[in-house]
Amino acid sequence: MIWTYYDQSPQLSFMNIYAMRATVPGSVIIDGYCKFGWSKYDSPSGRCATFLEFGNIESPMYARLRHFFLTIYNRMQVKPSSQPIIVSIPICHSDDTESARASRRQLMETIYSVLFDMNAPAVCAIDQAVLALYAAKRTSGIVVNIGFHVTSIVPILRGKVMREVGVEIVGQGALKLTGFLRELMQQRNISFESLYTVRTIKEKLCYVARDYEAELCKDTQASCEVAGEGWFTLSKERFQTTEILFQPQIGGMRAMGLHRAVGLCMDHCFAAEVASDNGWFKTVVLAGGSSCLPGLPERLEKELYKLFPPSMSDGIKVIPPPYGTDSAWFGAKVVSNVSTFSEAWCTTKKQFRQKFRRNVTSLIGAW
């Protein structure tokens, strides 16, 4: 049976997928946020702007995507026709309305159209959250992706994003954390050259307190060096910055705390009764650069246990990103190294044209 791109991934356990690995020709992997490289290599070989940000934002999506993929192929010094490609798709248009489904379908069809027009032999496009889950050796659970602008809470059952259950979006991400640290540093008259400096300090010094009130009573001073700017010293700012994930009001934001958004998603999963195993959603996998903050998995797990009665909270586990910021890329590496990858996971140019080519011309014009 051939699984075309709109089908959910084959319903296999992670161990089934892992056991099917074989010595196969390498595939090109492009993580939409955005790392690229060969599946046979140990890590991504390069990074660039995301395909949603690439080129002139006023240009049609087809043209921007073509420019994006051509740039990556050129950097990798490989012809598009030489190898299959796996593309991770970021969560966008997260709801389950007819309009959102149409937008997702248009994006997917445009990606396939561009790559096949460039003579890619086979294409596999999978949601980024699903790949982060695969990297954690799971096929079911909730992925919490702390992105640049927003945080997405994505329920996934046997490799399929459960949009009918509900994808939660929290309106704060890495940029809000960096911006709040900047405010705290300005309040202490700590000078810096740019927001990049602040981000570097955040990545080197900030962490999530397991108990915020108790942490306020501790000596938490620490210093780090930023190349070209010297040394910076922070104290309570180290954990006050990240506390807005759980208490957004501290940063003057009106948003749902991360633990409450994850809890709401769990409630929806439990009420939906979509699987005989009511524990499938109790594994929470973190993804995204800011999810690498020390202490975040422990704090989120603690808050989730406080939200639910023991009958519901028993078994909840929060897993840190297994490969840091590159988790989705490594999830794609697992999939692309399966011996049946090209046959069972990919769509060929012929299959795409048979089923969807009649819609491409209108789609390109729409973008």
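Residues numbered from 1 in each chain as written. Predicted model: local features only at pLDDT ≥ 70, side-chain atom pairs only at ≥ 80, totals over all residues. Heavy atoms only, no water.

Caption draft 1: Examining the pattern of salt bridges more closely. Taken as a whole, this structure holds 12 salt bridges when the rule is applied. A salt bridge links R101 to E98; the nearest nitrogen and oxygen atoms lie 2.7 Å apart. With a gap of 3 residues between them, R101 and E98 both fall in helix α3 (residues 98–117), about one helical turn apart. A relative accessible area of 34% means that R101 is categorised as partly exposed. Its relative accessible area of 55% is what places E98 among the exposed residues. Put simply, R188 and E237 hold a salt bridge, and the shortest N to O gap is 3.1 Å. In this pair, R188 is assigned in the loop between α5 (174–187) and α6 (195–205) and E237 in helix α8 (residues 237–243), connecting sequence segments 49 residues apart. By sharing partners, the salt bridges in this structure join E243, R299, E303 and K306 into a single network. (Salt bridge = Lys/Arg side-chain N within 4 Å of Asp/Glu carboxyl O. Helix = DSSP H or I, 4+ residues; strand = E, 2+ residues; numbered from the N terminus. Buried < 20%, exposed > 50% of the residue type's maximum accessible area, 1.4 Å probe, protein only.)

Caption draft 2: Examining the environment of E109 more closely. By secondary structure assignment, the location of E109 is in helix α3. Spatially, the C-alpha atom of E109 lies 8.8 Å from that of F352, the residues being 243 residues apart in sequence.

Caption draft 3: Looking closely at the packing of α5 against α6. Packing of α5 against α6 brings their axes to within 9 Å, and their N-to-C directions diverge by 100°. Here α6 runs roughly perpendicular to α5, going by the angle between their axes. Residues A174, L175, L177, T178, L181, R182 and M185 of α5 lie in contact with α6, whose contacting residues are L195, V198, R199, I201 and K202. Each residue belonging to the contact of α5 with α6 can be placed in one class, and the counts come to 8 nonpolar, 1 polar and 3 charged. (Axes fitted to C-alpha atoms, helices over the stretch in contact; angles between N-to-C directions. Parallel < 35°, antiparallel > 145°, perpendicular 65-115°, else oblique. Contact = heavy atoms within 4.5 Å. Nonpolar A, V, L, I, M, F, W, Y, C, P; charged D, E, K, R; others polar.)

Caption draft 4: Representation of helix α10 (residues 296–307) within the structure. Over its 12 residues, α10 runs 17 Å from end to end, which matches the ideal 16 Å to within 8%, given 1.5 Å per residue. Those residues of α10 that sit buried are L296, P297, R299, L300, E303 and L304. The arc that holds every buried residue of α10, seen down its axis, measures 165°, which confines them to one face. As for α10, its buried residues are in contact with β6 (141–146), α7 (212–215), α8, α9 (258–272), β12 (283–287) and β13 (317–319). (Expected span 1.5 Å × (residues − 1). Arc of directions from axis to C-beta.)

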